[in-house]
Amino acid sequence: MIIAIDGPAGSGKSTIARRLAERLRLTYLDSGALYRALTYMCMRDGVDLGDVPAVVKFLEALDIDLQYAAGRQRVLANGRDITAEIRDPAVTRQVYYVAKEPAVRKEMVAHQRAFGKRGDLVAEGRDMGTVVFPNADFKFYLDAGADVRAQRRHRELREKGMEVPLEQLRKEIEQRDRTDMERKVAPLKRAEDATVVDTSDMTIDEVVEHVMERIEKGRK
Ligand code: DC
């Protein structure tokens, strides 16, 4: 079984996908973590993010692994734990360089499908239902207003000890929406057969219940 969850930054995708994976005992695939890992490793090793052939070559030699233990995700690149580093706002701002490149996405899609071959999956990202797993058993598109999403990010960062002004976060979210939705290859959009869930006024538990109900109904 494959459950595809797409949506913009801060729509609650990651939390919901993780909870679903736990409930249904499926593997959780955080596709954004793959794009982040590539971006971070390029930055760290001095690979010019604008030099596409160099980035692709670097990616081909890069072993990115996502591991889960005790409800926590670890991201490893060539065996090195980069779980915290990939969430740095500096990385977040630069991911679009690699995410907009067809040659990079081609490699990433192959990597993501390989996860799908290993077993059942909750796959989360921007193009899970449209490009990577068009035949997914269930597709959801989570959405929420930009203000709500900025507030969620603000809270998340604060919990990690980072204080970023709310207004700046809202601007960054809107900018990221634009780059994700307007890029030529695999833009963020709802798959025609995806169920839209507006999470603006919902708690995490409510979203999980809503999505679970859909899945249970669909499985009967
Ligand atoms: O979900 P996230 O914030 O961790 O994603 C980080 C970036 O990666 C986001 O700006 C868009 C990109 N991304 C993508 O292009 N395709 C995906 N399937 C997942 C993420």
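This text goes with the structure placed above it.
The present account deals with the structure reproduced in this document.

Calculation criteria
Residues numbered from 1 in each chain as written. Predicted model: local features only at pLDDT ≥ 70, side-chain atom pairs only at ≥ 80, totals over all residues. Heavy atoms only, no water. Helix = DSSP H or I, 4+ residues; strand = E, 2+ residues; numbered from the N terminus. Buried < 20%, exposed > 50% of the residue type's maximum accessible area, 1.4 Å probe, protein only. Contact = heavy atoms within 4.5 Å. Areas by Shrake-Rupley, 256 points an atom, 1.4 Å probe, with all protein chains shown as cover. Lys, Arg positive; Asp, Glu negative; His and termini not counted. Charge placed at Lys NZ, Arg CZ, Asp CG, Glu CD. Near = heavy atom within 4 Å. Polar contact = N/O pair within 3.5 Å; in protein donor to acceptor, adjacent residues only side chain to side chain. Nonpolar A, V, L, I, M, F, W, Y, C, P; charged D, E, K, R; others polar. Pairing = 2+ DSSP bridges. Axes fitted to C-alpha atoms, helices over the stretch in contact; angles between N-to-C directions.

## Some words on the overall build of the protein chain
Along the protein chain, the regular secondary structure elements total nine helices and eight strands. For the protein chain, with 220 residues in total, the buried portion stands at 47%. Look at the contacts in the protein chain between residues 6 or more apart in sequence, and 71% of them connect residues 24 or more apart. Summing over all exposed atoms, the protein chain offers an accessible surface of approximately 11400 Å²; the carbon and sulfur share of this is 48%. Side-chain charges in the protein chain split into 39 positive and 38 negative, and the spacing between the mean points of these groups amounts to 1 Å.

## Considering the site of the ligand
Close to the ligand lie 16 residues, the nearest being Arg36, Arg105, Arg126, Asp127 and Arg176. A distance of 2.8 Å separates a nitrogen atom of the ligand from a polar atom in the side chain of aspartate 127. Burial of the ligand by the surrounding chains reaches 97%, relative to a free accessible area of 440 Å². Breaking the shell around the ligand down by element, the ones donating at least two residues are α2 (31-45), α4 (89-99) and α8 (166-182). Counting residues per element, the shell around the ligand draws most heavily on α2, which supplies four residues. Of the residues assigned to the shell around the ligand, the class counts are four nonpolar, three polar and nine charged.

## Quick word on the sheet that holds strand β2 (residues 27-30)
Across the sheet, which stays open at both edges, the five strands sit in the order β2-β6-β1-β7-β8 with parallel pairing between neighbours. Both edges of this open sheet fall to β2 and β8 (195-198), since each of them pairs with a single strand only. Between one strand axis and the next, the sheet turns by 20° as a mean value, whatever way the strands run. In the sheet, strand β1 (residues 2-6) pairs with strand β7 (residues 138-143) via four bridges, with the strands oriented parallel.

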